[in-house]
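One-letter residues, chain by chain:
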Amino acid sequence: MAKPHLTYNPQSAPNASTWLALPEAQRIKAVAAFHQLSHEPRGNLRAHTALHVVVENQLAEGFDPTVRAMQRLRGEGLSRHEAVHAVAAVLAEHLYAAMSCDGPAPDPVALQEALARDLDVLSAASWRAKYGEA
């Protein structure tokens, strides 16, 4: 049986079951291909792609804080792609903080709770103000 193939477009949510059925490497390839063809991102393609995949994974798995944030951001006028970037920015901050800590490994439950809190207050205006996005 052939493996499912996916063409990624961040303006349209991928089918959750199809997305989750793909190996992670295929998800990454699909997201990277989109950004290479559209000449995005301006920064590190690997990091950008990985964050897109994590956000899409959270959406496909129904992670409530990400789902709520996406709905709110879209309602505030962001495109789906912009909303993915906004959620990814919050996620990147948490990943950076967790990886920069010198002490014992952070508690995963506390990390997830902190991420959820920050996603719950994320708005289009706060994202634009912090990151200078159009």
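Placed above this text is the structure.
Residues numbered from 1 in each chain as written. Predicted model: local features only at pLDDT ≥ 70, side-chain atom pairs only at ≥ 80, totals over all residues. Heavy atoms only, no water.

## Some thoughts on the overall build of the protein chain
Working step 1: Across its full length, the protein chain holds seven helices and zero strands.
Working step 2: Going from the N terminus to the C terminus, the protein chain shows its helices and strands as α-α-α-α-α-α-α.
Working step 3: Taking 2.2 N^0.38 as the reference for a compact globule, 134 residues should give roughly 14 Å; the C-alpha atoms of the protein chain span a radius of gyration of 15 Å, in line with that estimate.
Working step 4: Its C-alpha atoms give the protein chain principal-axis dimensions of roughly 45 × 35 × 30 Å.
Working step 5: Counting only residues that meet the buried cut, the protein chain has 37% of its 134 residues in that class.
Working step 6: A fraction of 65% describes how many contacts in the protein chain between residues 6 or more apart in sequence connect residues 24 or more apart.
Working step 7: With an accessible surface of roughly 7,900 Å², the protein chain has 58% of that area assigned to carbon and sulfur atoms.
Working step 8: Computed over 12 positive and 14 negative side-chain charges, the separation of the two mean positions in the protein chain equals 7 Å. (Helix = DSSP H or I, 4+ residues; strand = E, 2+ residues; numbered from the N terminus. Rg over C-alpha atoms; globule rule 2.2 N^0.38 Å. Buried < 20%, exposed > 50% of the residue type's maximum accessible area, 1.4 Å probe, protein only. Contact = heavy atoms within 4.5 Å. Areas by Shrake-Rupley, 256 points an atom, 1.4 Å probe, with all protein chains shown as cover. Lys, Arg positive; Asp, Glu negative; His and termini not counted. Charge placed at Lys NZ, Arg CZ, Asp CG, Glu CD.)

## A few points about the pattern of salt bridges
Working step 1: Taken as a whole, this structure holds four salt bridges when the rule is applied.
Working step 2: In this structure, Glu24 and Arg27 form a salt bridge, with 3.0 Å as the shortest nitrogen-oxygen distance. On the criterion of helical spacing, the pair formed by Glu24 and Arg27 is a turn pair, its members being three residues apart in helix 2 (residues 24-37).
Working step 3: When its relative accessible area of 7% is taken as the criterion, Arg27 is described as buried.
Working step 4: With a closest N to O distance of 2.9 Å, Arg68 and Asp120 form a salt bridge. Placement of Arg68 in helix 4 (residues 64-75) and of Asp120 in helix 6 (residues 108-121) is noted, with a sequence separation of 52 residues between them. (Salt bridge = Lys/Arg side-chain N within 4 Å of Asp/Glu carboxyl O.)

## Describing the packing of helix 2 against helix 3 (residues 45-61)
The axes of two packed helices give the description: the angle between them and the distance between them.
Working step 1: Relative to each other, helix 2 and helix 3 sit at 120°, their axes nearing to 9 Å. Classified by the angle between their axes, helix 2 and helix 3 sit oblique to one another. The interaxial crossing formed by helix 2 with helix 3 has right-handed handedness. Here Glu24, Arg27, Ile28, Val31, Ala32, His35 and Gln36 of helix 2 come into contact with helix 3, specifically with Leu45, His48, Thr49, His52, Val53 and Asn57. (Axes fitted to C-alpha atoms, helices over the stretch in contact; angles between N-to-C directions. Parallel < 35°, antiparallel > 145°, perpendicular 65-115°, else oblique. Left-handed = near helix turned anticlockwise from the far one by under 90°.)

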